[in-house]
Amino acid sequence: MPVGVLINTVAIALGGLFGALFGGFLKEDFKAQLNMIFGLASIGMGIYSMLDMKNLSAVIFSVVIGTAFGLAIHFGQWIERGAGLMGKTFKNPNESLSEKEFIITLVTIIVLFCASGTGIYGSLVSGMTGDSTILITKSILDFFTAMIFATSLGLVVSLVALPQFIIFFALFLAAKQIIPLTTPVMISDFKACGGLLMIATGFRILGLKMFPTADMIPAMVIVMPVSWAWTQWILPLLS
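Calculation rules
Residues numbered from 1 in each chain as written. Predicted model: local features only at pLDDT ≥ 70, side-chain atom pairs only at ≥ 80, totals over all residues. Heavy atoms only, no water. Helix = DSSP H or I, 4+ residues; strand = E, 2+ residues; numbered from the N terminus. Rg over C-alpha atoms; globule rule 2.2 N^0.38 Å. Buried < 20%, exposed > 50% of the residue type's maximum accessible area, 1.4 Å probe, protein only. Contact = heavy atoms within 4.5 Å. Axes fitted to C-alpha atoms, helices over the stretch in contact; angles between N-to-C directions. Nonpolar A, V, L, I, M, F, W, Y, C, P; charged D, E, K, R; others polar. pLDDT = per-residue confidence, 0-100. Expected span 1.5 Å × (residues − 1). Arc of directions from axis to C-beta.

Draft legend 1. Representation of the overall build of the chain in the model. Along the backbone of the chain there are 12 helices and 0 strands. For the chain, the sequential pattern of α-helices and β-strands runs α-α-α-α-α-α-α-α-α-α-α-α. Computed over the C-alpha atoms, the radius of gyration of the chain is 18 Å, within 12% of the 18 Å expected from 2.2 N^0.38 for a compact globule of 239 residues. Seen through its principal axes, the chain has C-alpha atoms that stretch 60 × 35 × 30 Å. Taken over 239 residues, the chain has a buried fraction of 48%. Relative to all contacts within the chain whose residues are 6 or more apart in sequence, the contacts with residues 24 or more apart total 84%.

Draft legend 2. Fine view of the packing of helix α6 (residues 117–129) against helix α10 (residues 184–206). Packing of α6 against α10 brings their axes to within 8 Å, and their N-to-C directions diverge by 145 degrees. Facing α6, whose interface residues are G117, T118, I120 and Y121, α10 presents I187, F190, K191, G194 and M198. Taken together, the residues of the contact of α6 with α10 sort by class into 5 nonpolar, 3 polar and 1 charged.

Draft legend 3. Up close: the confidence of the model for the chain. With 99% of its residues at a pLDDT of at least 70, the chain reaches an overall mean of 91. Looking at the elements of the chain, mean pLDDT is at its lowest for helix α2 (residues 28–50), recorded as 86, and at its highest for helix α3 (residues 56–72), recorded as 97.

Draft legend 4. Inspection of α3 at higher detail. Along its 17 residues, α3 runs 24 Å from first to last C-alpha, staying within 8% of the 24 Å computed at 1.5 Å per residue. Within α3, the full set of buried residues consists of A58, V59, S62, V63, G66, T67 and G70. When α3 is viewed along its axis, its buried side chains cluster within an angular range of 150 degrees and face the same direction. For α3, the exposed residues lying more than 90 degrees away from the buried face are V64 and A72. Next to the buried residues of α3 lie α4 (75–89), α10, α11 (213–216) and α12 (218–238).

Spelled out as structure tokens, the structure:
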């Protein structure tokens, strides 16, 4: 039973719903200040995820190559098209946001909710061991993050729960096949790679630098094989 996945999905859906319904009662300055805290929290979680990193070179290589691949195939544009379709389902309720700003912000939260190292790793752990602690902890932050974003973007934030559930549930089902193929070193480097994406997402939320976070997602796919190859082939040569 994917309890953690379901809790995380419901947290995002309810957070988006509450934010859309009651966001009008919050002052703009309050929402802006709280949004900064969520950006800071994303950066903090990203740094925490990187603390147990084993192979810095392998992680950096994966991020560079993965992002280059994402940019080459215009992966971010695919995410933007998906965000655009979601935006047509629920129109932009915020007149102060241009259509481009609306899509950019929506892409940011799609990456934050659906492609974080914490969420992906939590789904794998939940599927393998039944321990949902990681996903439940993530759900607390996701609920409030979704609520604050929904005060600006509206009900479309709740819709992000759908792709999030599909991705995390697929990982939950595949966990028993994936986890045995990994090592603790590969998992640590995978979480560190996800941490870099969360830091980049935090910078986007804060409006400091618009990293191509959607195009960075392929790095999450290649980092574990790269970490394994680095440990098995490169390090012995260097030593």
